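Below, each chain spelled out in residue letters.
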Amino acid sequence: MKKWITILATTFTIQSFAQQDIKLEQAKFKQGDNAEWKELSTNDSQWATIKTGMIWELQGYPDYNGYAWYRFHFFLPSSIKQNSLWKDSLRVFLNKVDDNDETYINGTLIGKTEGWNITREYHLATASSFLKWDADNVLCVRVFDSGGGGGMYGGNIFINMMDIIDNITVNMQFNAKQCTASLHNKSFKNIDGEFITTVTNPETNKVLSTINKKVSLKGGDTYLSNILTNVTERLLISATFKETQTKKTITLTKTTPYILTPSSSAFPKINSAKVFGVRSGSPVLYKIAATGDKPLKYSVENLPKGLKFDATNGIITGKIDERGDYSMKLIVSNVKGKTEKKFTIKVGDVLALTPPMGWNSWNCWGLSVSSEKLKSSAQALIDKGLIDHGWTYMNIDDGWEEPIRDEKGNVIPNKKFPDMKALGDWLHGKGLKFGIYSSPGPKTCGGYLGSYQHEINDANSYASWGIDYLKYDWCSYEEINGKDTTLASYQKPYAIMRDVLLKQKRDITFSLCQYGMKNVWEWGDKVNGNCWRTTGDIEDTWESLSSIGFSQTVQYKYTKPGRWSDPDMLVVGQLGWGESLHATKLTPDEQYTHISLWCLLSAPLLIGGDISKIDDFTLNLLSNDEVIAVDQDVLGKEAKQIVANSIYQVWMKELEDGSHAIGIFNLSNKYQNISVSWNDIELKKSISKKVHDLWRQKNLGSFKDSFTSNVAPHGVTFIKVND
Ligand code: GLA
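As a starting point, this report considers the structure included with it. (Residues numbered from 1 in each chain as written. Predicted model: local features only at pLDDT ≥ 70, side-chain atom pairs only at ≥ 80, totals over all residues. Heavy atoms only, no water.)

**Here we look at the sheet that holds strand β28 (residues 357-360)**
Piece 1. Pairing is parallel in the open sheet, where eight strands are placed in the order β34-β33-β32-β31-β30-β29-β28-β37. Each edge of the open sheet is held by one strand with a lone partner, namely β34 (564-566) and β37 (605-607). Pairwise comparison of adjacent strand axes, ignoring direction, gives a mean angle of 25° for this sheet.
Piece 2. The pairing of β28 with β37 spans three bridges and is parallel. Residue pairing for β37: Met357 is matched across the bridge by Leu605.
Piece 3. Where helix α5 (residues 455-465) meets the sheet, it contacts β30 (433-438) and β31 (469-473), and its direction lies at approximately 160° from that of β30. (Pairing = 2+ DSSP bridges. Helix = DSSP H or I, 4+ residues; strand = E, 2+ residues; numbered from the N terminus. Axes fitted to C-alpha atoms, helices over the stretch in contact; angles between N-to-C directions. Contact = heavy atoms within 4.5 Å.)

Below you can see the structure in the form of structure tokens.
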């Protein structure tokens, strides 16, 4: 059911095949369904070939929904059994399947699972009569995709023997001061081995230190090893356990979560975007985002008639009746000093004059979102200071509706949201904005109540609760749209909602979610969309991030203030799409790439992780005002892809002050020295240019003709270039 997800879990943890794994990297593939295709005897020689780590949409089967079969031929050597201490259990590791699978070996069903976000691992008795040792076997996976992305994805697929080593888990924890690796014995028996940890300089591959310890772990025991005491640099840490009896190993490798953003200064600094759009007569709610030692004192010069201002918290409220541009001066002071910034409220038709910034519940809580969970992230957004960098929206995604409307046709929030109006008031009182989610179809993607034929009721309810943002997700509208492929039929449900939103006496930012169908970026403004998703759902993998982020090559033509392309929400921090959360699987460098690229793309920035559990690395990643300023630039341009090859890409965005933000992205798995010549990127005006490092907030000097940077694997050098 999930939309156009993408693939391959490498990244934060470097996964590799073990020596005795039977790798299943490609399969024979056929669309359709036939019970005979599970049989060993089926002749699939004329079938297509497909890779396993990637949904079929990316392999020549766009928009295919329904059944398809994967057939893997593999030789099963009895040597893998002989080399195992345990000889009784064979593992078939399929990774993820979108949506459902039924899996067979030589015609016998070995497992089936429903749901796209579930890792499939089936265990078989090695004595099973259908297994053919020292002979050819066939593994068949019957996949059903109900919509959006389809097929096998998520990373490596393999078959191997379960062994004593499977009782050991290796983990690594980081905090600002140290890195600790741990071993845990899940079994009841003693396990002996060697624990080898190494610290490597990834730029030079020089091993900086190695610790090698003999470990005897009792059943249920955990063993800790302190590896580093000061985690400030980019280092590669690897931890390997080598089990004594089988000599089998398990390894975990991670990059240190190195922080680039310098600490905020004690002096006052205003970080808010320079403009704010509102319709005449609509309530204004605007909090000045500012950093500096607290308490801060706020004031405004030339505050327009109709607005009032709270000097203690910097919140501007009220309304302006006349259309026009209202310029004022924001002033913030503290014991260290005073700062000011020109600010304009544009009273007109267009909202979201800079890309919306905030949080959305989906990537962490999925359908388990609740009022309490939203409030805990909102409170943390304030307490951790993210609000001072401009993070504002708190958006509920899917999962808030009761299944049945009231007798007047109004939607009722379910028991997880006991009082929407009170929740809205609570957020507004703190200077935050309130977002909600629905679908133009009868049901949302998660099967909750949609707005179909109740658009007026819903828009009225949203306004009465104080909603500021609506994400409107296509999903079950497919049933209504049927086989109509005209552009008008794709625009229709959004135009209906546009009309009822415009009738409300408050401003509701309109976010279209339909995964880019019919090139939504070409017409999203016609239905008054403020932003529009351009792709399917993002996941916290490099494949997903890079295939979505680097495919935004034409959207810049249509992007302007109030009209933003949306490559989906940020996959940083604690994620889970449900009750249980995990740290993002993206490496620190991949996360720097993520934020840099999204800022270059002028994307809405919606934090996907649970902010109440935010760690130092993620907090710093989201608190860099120079980086955020690229996203929030008032010119409202989107970056263009200037250079693209298999090793690196360069993206460039024109900024209001005449400078350019440039992202130099390394797509490869090793450090690359990448040169950008001013001529090649069409910055010909002068030969020597000033280069400023945005993540480090540091001037790098003047560079004649070109600039060269040693960029980390999957990482970025993000610079601002001036004549
Ligand atoms: C779709 C959207 C996601 C999320 C879910 C909710 O998959 O693309 O962002 O809103 O629906 O069910």
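There's plenty left to go through after this.
**Here's the deal with the sheet that holds strand β38 (residues 640-644)**
Piece 1. Spatially, six strands are ordered β38-β39-β40-β45-β42-β43 in an open sheet, and the strand pairing comes out antiparallel. The sheet is open, and its two edges are formed by β38 and β43 (698-704), each paired on a single side. Pairwise comparison of adjacent strand axes, ignoring direction, gives a mean angle of 25° for this sheet.
Piece 2. Here strand β40 (residues 660-666) pairs with strand β45 (residues 716-722) via six bridges, running antiparallel. Residue pairing for β45: Phe665 is matched across the bridge by Val716.
Piece 3. Here helix α10 (residues 588-600) sits on the sheet in contact with β39 (648-654), β40 and β45, set at roughly 145° to β40.

**Digging into empty space enclosed by the protein**
Piece 1. This model, assessed by the stated rule, comprises two cavities of 30 Å³ or more.
Piece 2. Reported here for the largest cavity is a volume of approximately 100 Å³.
Piece 3. Along the walls of the largest cavity sit Arg279, Asp349, Leu351, Arg498, Leu501, Leu502, Arg506, Asp507, Ile508, Phe510, Asn528 and Asn530, which together make up its complete lining.
Piece 4. No other element matches helix α7 (residues 487-502), which puts three residues into the lining of the largest cavity.
Piece 5. Split into classes, the residues belonging to the lining of the largest cavity amount to five nonpolar, two polar and five charged.
Piece 6. A volume near 40 Å³ is recorded for the second largest cavity.
Piece 7. In terms of lining, the second largest cavity is formed by Tyr469, Lys471, Ser511, Arg533, Asp566, Asp568, Met569 and Leu606.
Piece 8. Among the residues forming the lining of the second largest cavity, the class breakdown is three nonpolar, one polar and four charged. (1 Å grid on protein atoms, 1.4 Å probe; cavity = no way out; pocket = protein on both sides within 12 Å on 5 of 7 lines; lining within 4 Å. Points joined across faces, edges and corners; volume = space filled by probe spheres on them. Nonpolar A, V, L, I, M, F, W, Y, C, P; charged D, E, K, R; others polar.)

**Thoughts on the site of the ligand**
Piece 1. Around the ligand, 14 residues are found, and the nearest of them are Asp397, Asp398, Lys471, Asp473 and Asp537.
Piece 2. Arg533 is positioned with one of its side-chain polar atoms (N or O) 3.1 Å from an oxygen atom of the ligand.
Piece 3. Within the side chain of Asp537, a nitrogen or oxygen atom sits 2.5 Å from an oxygen atom of the ligand.
Piece 4. Coverage of the ligand by the protein amounts to 98% of the 310 Å² it exposes when considered alone.
Piece 5. In terms of residue class, the shell around the ligand is built from six nonpolar, one polar and seven charged. (Near = heavy atom within 4 Å. Polar contact = N/O pair within 3.5 Å; in protein donor to acceptor, adjacent residues only side chain to side chain. Areas by Shrake-Rupley, 256 points an atom, 1.4 Å probe, with all protein chains shown as cover.)

**Looking at the pairing of strand β6 (residues 100-105)**
Piece 1. Here β6 lies mainly inside the structure; five of its six residues are buried.
Piece 2. Where β6 lies against strand β7 (residues 108-114), six bridges are found, and the strand directions are antiparallel. Bridging from a neighbouring strand, Asp101 pairs with Thr113 of β7.
Piece 3. Where β6 folds back onto β7 in an antiparallel hairpin, the turn is made up of two residues, including Asn106, whose phi is positive at roughly 45°.
Piece 4. Here β6 runs beside strand β9 (residues 136-145); their pairing, made up of six bridges, is antiparallel. Pairing of Asp101 across the sheet is with Val143, part of β9. (Buried < 20%, exposed > 50% of the residue type's maximum accessible area, 1.4 Å probe, protein only.)

**Some thoughts on the nonpolar core**
Piece 1. Among the nonpolar cores identified, the biggest contains 99 residues, and Trp391 and Trp400 are the most heavily contacted of them.
Piece 2. What Trp400 contacts, discounting residues up to four positions off in sequence, is Val411, Ile412, Pro413, Asn414, Phe417, Met420, Ile436, Tyr437, Tyr448, Tyr462 and Trp465.
Piece 3. Listed in part, the 32 residues of the second largest apolar core include Tyr61, Phe72, Ile110 and Leu124. (Core = buried A, V, L, I, M, F, W, Y, C linked by side-chain atoms within 4.5 Å.)

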